[in-house]
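Letter by letter, the chains look like this.
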Amino acid sequence: MAMSQEHKDALAQGRKEARAIAAYLDSLGARKRGRPVTEASVQKRLEATRRAIRSEGNSLRRVELVQKRLDLEKQLVALRTKADQSALERQFIRHARPYSERKGISRGAWREAGVPASVLQEADIKR
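The structure reproduced in this document is the subject of the present report. The structure displayed is predicted, hence computed values, not measured ones.

Here we look at the overall build of the protein chain
Phase 1 of the analysis: Helix and strand content of the protein chain: 6 helices and 0 strands.
Phase 2 of the analysis: Sequence-ordered secondary structure for the protein chain, helices as α and strands as β, is α-α-α-α-α-α.
Phase 3 of the analysis: Each principal axis of the C-alpha distribution contributes one length, and for the protein chain these read about 70 × 40 × 20 Å.
Phase 4 of the analysis: For the protein chain, long-range pairs separated by at least 24 residues make up 66% of all intrachain contacts whose partners lie at least 6 apart in sequence.
Phase 5 of the analysis: Surface summary for the protein chain: the accessible area is close to 9400 Å², and the carbon and sulfur share equals 51%.

Some details on the pattern of salt bridges
Phase 1 of the analysis: The full count for this structure, using the stated rule, is 7 salt bridges.
Phase 2 of the analysis: Arg-97 is the partner of Asp-124 in a salt bridge, and the nearest nitrogen-oxygen pair spans 2.8 Å. Highlighted residues: Asp-124 in the segment after helix H6 (117-122) and Arg-97 in helix H4 (residues 85-103), separated in sequence by 27 residues.
Phase 3 of the analysis: Overlapping salt bridges, with partners in common, bring together Arg-97, Glu-101, Asp-124 and Lys-126 in one network.

Details of the packing of helix H2 (residues 39-55) against helix H3 (residues 59-80)
Packed helix pairs are specified by the crossing angle of their axes together with the interaxial distance, meaning the distance between the axes.
Phase 1 of the analysis: Look at H2 against H3: their axes get within 9 Å of each other, and the N-to-C directions meet at 160°. One finds that H2 runs roughly antiparallel with respect to H3. Along this stretch, H2 crosses H3, giving a crossing that reads as left-handed. Contacts between H2 and H3 involve Glu-39, Val-42, Gln-43, Arg-45, Leu-46, Thr-49, Arg-50, Ala-52 and Ile-53 on the former and, on the latter, Arg-62, Leu-65, Val-66, Lys-68, Arg-69, Leu-72, Glu-73, Gln-75, Leu-76, Leu-79 and Arg-80.
Phase 2 of the analysis: Of the residues in the contact of H2 with H3, the class split is 9 nonpolar, 3 polar and 8 charged.

Looking at the environment of Ala-40
Phase 1 of the analysis: Considering the arrangement of structural elements, one finds Ala-40 in helix H2.
Phase 2 of the analysis: Judged by relative accessible area, Ala-40 falls into the exposed class, the value being 58%.
Phase 3 of the analysis: With 36 residues separating them along the chain, Ala-40 and Leu-76 place their C-alpha atoms 9.1 Å apart.

Section: unusual backbone geometry
Phase 1 of the analysis: For Asp-124, which is not glycine, the phi torsion reads 65° and is therefore positive.
Phase 2 of the analysis: Classification of Asp-124 by relative accessible area gives partly exposed; the value is 30%.

Rules used throughout
Residue positions are given per chain, counted from 1 along the sequence in the order it is written. At least 70 in pLDDT is required for a residue's local features to be given in this predicted model, at least 80 for side-chain atom pairs to be given and counted, and no such filter applies to totals for whole chains, interfaces and linings, which use all residues. Only hydrogens and water are set aside; all other atoms, that is, all heavy atoms of the structure, feed into the side-chain values. Here a helix means four or more residues in a row that DSSP labels H or I, a strand means two or more in a row labelled E, and each is numbered from the N terminus. Two residues qualify as a contact provided that any one of their heavy atoms is within 4.5 Å of a heavy atom in the partner residue. Each accessible area value is a Shrake-Rupley result obtained with a 1.4 Å probe; residue values ignore everything except the protein chains displayed when judging cover. Definition used for salt bridges: Asp or Glu carboxyl oxygen within 4 Å of a side-chain nitrogen of Lys or Arg. Fitting a line to C-alpha atoms yields each axis, with helices limited to the stretch in contact; the angle taken between N-to-C directions then spans 0 to 180 degrees. An angle below 35 degrees is treated as roughly parallel, one above 145 as roughly antiparallel, one from 65 to 115 as roughly perpendicular, and anything else as oblique. Each crossing is labelled by how the near helix is turned from the far one, with a counterclockwise turn of less than a right angle marking it left-handed and a clockwise turn marking it right-handed. When residues are sorted by character, Ala, Val, Leu, Ile, Met, Phe, Trp, Tyr, Cys and Pro go into the nonpolar class, Asp, Glu, Lys and Arg into the charged class, and all the rest, Gly among them, into the polar class. Each residue is placed in one exposure class: buried if its accessible area under a 1.4 Å probe, protein chains only, is under 20% of its type's maximum, exposed if it is over 50%, and partly exposed if it falls in between.

And the structure:
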């Protein structure tokens, strides 16, 4: 039995909402407590690690430092290509209410997932 166009459209809308919400939640999970990691702070650590590699006499320690350098370079690339948080937030706000209603997700569940109260208010998700 073939699906109606209405059913296909509803499935497509659900996938679109789920992608937007997942991207926003993933971006929230990327934020950590403590000092913010900036491009400048990673660059400073990277330069110090490169100097340490050049002066390290212990071959095992040098390999550990090389791995640290590779990790810092990867982190630097990620910081430079980071998704626009405000765009992700706007998409979450746009899709959160219908998604929540369809899936039965409460305001409390969103709060526990790390979504700020102000974002939920803007998305019109009430207690």
